[in-house]
Amino acid sequence: MNTNMVASELGVSAKTVQRWVKQLNLPAERNELGHYSFTAEDVQVLKSIQKQISEGTALQDINVPQSNKKRTGFLVQKTNSDTEKRIEQLEQKLDTLLQQKQDENGLLARIEELERQLKQKADEGVSYQLLQHRREIDDILADLQSLTSQMKEFTAQPTPETAASSENIKTRKKPLLSLFKFQT
């Protein structure tokens with residue numbers, strides 16, 4: 001019988017039956033789901049306990065009748081082939097899940113390694129680009145210094161009068177002289 005059936009037979013709640021079993025440390029058996037399973041002898045013991053409580057005996061002072069049959073109170077497992085097959089299936093699923101977890105951990109480790117390598121390559125690329133830019137800037141500075149020195153040399157030299165500039169001066173004077181010349 002289960003807890004609810006015993007409780008209805010005794011006229012108490014299922015919680016009361018469970019409390020009596022736990023507090024009086026009764027060797028009640030449990031099924032594969034963890035529910036209490038009571039025999040007719042267990043029900044007689046519970047009826048005896050109920051009678052003592054109704055007579056005013058405190059729970060800690062109750063005399064629990066001894067059972068002829070030795071019981072441990074541990075889980076009684078009824079095994080059959082369906083249960084064993086189900087257990088094997090669950091164990092296989094557990095093994096599969098553990099293998100998947102190991103595979104996931106391996107993949108995560110590989111991804112982390114690839115990310116590290118990618119970051120290293122990116123850093124190397126940036127370093128190379130910075131060096132290239134530095135070289136280009138140094139080349140431009142050298143060209144600029146060369147142009148600056150050439151400009152200084154060019155501006156430091158005196159400018160000679162060219163023949164064209166002296167002719168311009170003379171040609172200007174001629175028309176003016178012709179105006180003031182008298183004809184004879």
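Small disclaimer: the values here were computed from a predicted structure and weren't measured.

1. Some remarks on the pattern of salt bridges
According to the stated counting rule, one finds three salt bridges in the structure shown. Residue E113 pairs with R116 through a salt bridge whose shortest N-O separation is 2.6 Å. Remark: R116 and E113 occur in helix 4 (residues 81-156); sequence separation between them is three residues, near one turn of the helix. On the basis of relative accessibility, which here comes to 28%, the residue E113 falls in the partly exposed class. D138 is paired through a salt bridge with R134; the nearest N and O atoms lie 3.7 Å apart. One end of the pair is D138 and the other is R134, both in helix 4 and four residues apart, which spans about a single turn.

2. As for the nonpolar core
Counting residues in hydrophobic clusters, the biggest one holds 18 residues, and the most contacted among them are F38, L46 and I49. In this structure F38 touches M1, N2, T3, V6, V17, V21, A28 and L46, once residues within four positions along its chain are discounted.

3. Details of helix 2 (residues 14-23)
Of the positions making up helix 2, those classed as buried are A14, T16, V17, W20 and V21. Seen from one end, helix 2 has its buried residues packed into an arc of 165 degrees, which puts them on one side. Residues of helix 2 that are exposed and point over 90 degrees away from its buried face: K15 and K22. Among the residues trailing helix 2, N25 stands out with phi positive, at a value near 55 degrees.

Analysis parameters
- Residues numbered from 1 in each chain as written.
- Predicted model: local features only at pLDDT ≥ 70, side-chain atom pairs only at ≥ 80, totals over all residues.
- Heavy atoms only, no water.
- Salt bridge = Lys/Arg side-chain N within 4 Å of Asp/Glu carboxyl O.
- Helix = DSSP H or I, 4+ residues; strand = E, 2+ residues; numbered from the N terminus.
- Buried < 20%, exposed > 50% of the residue type's maximum accessible area, 1.4 Å probe, protein only.
- Core = buried A, V, L, I, M, F, W, Y, C linked by side-chain atoms within 4.5 Å.
- Contact = heavy atoms within 4.5 Å.
- Arc of directions from axis to C-beta.

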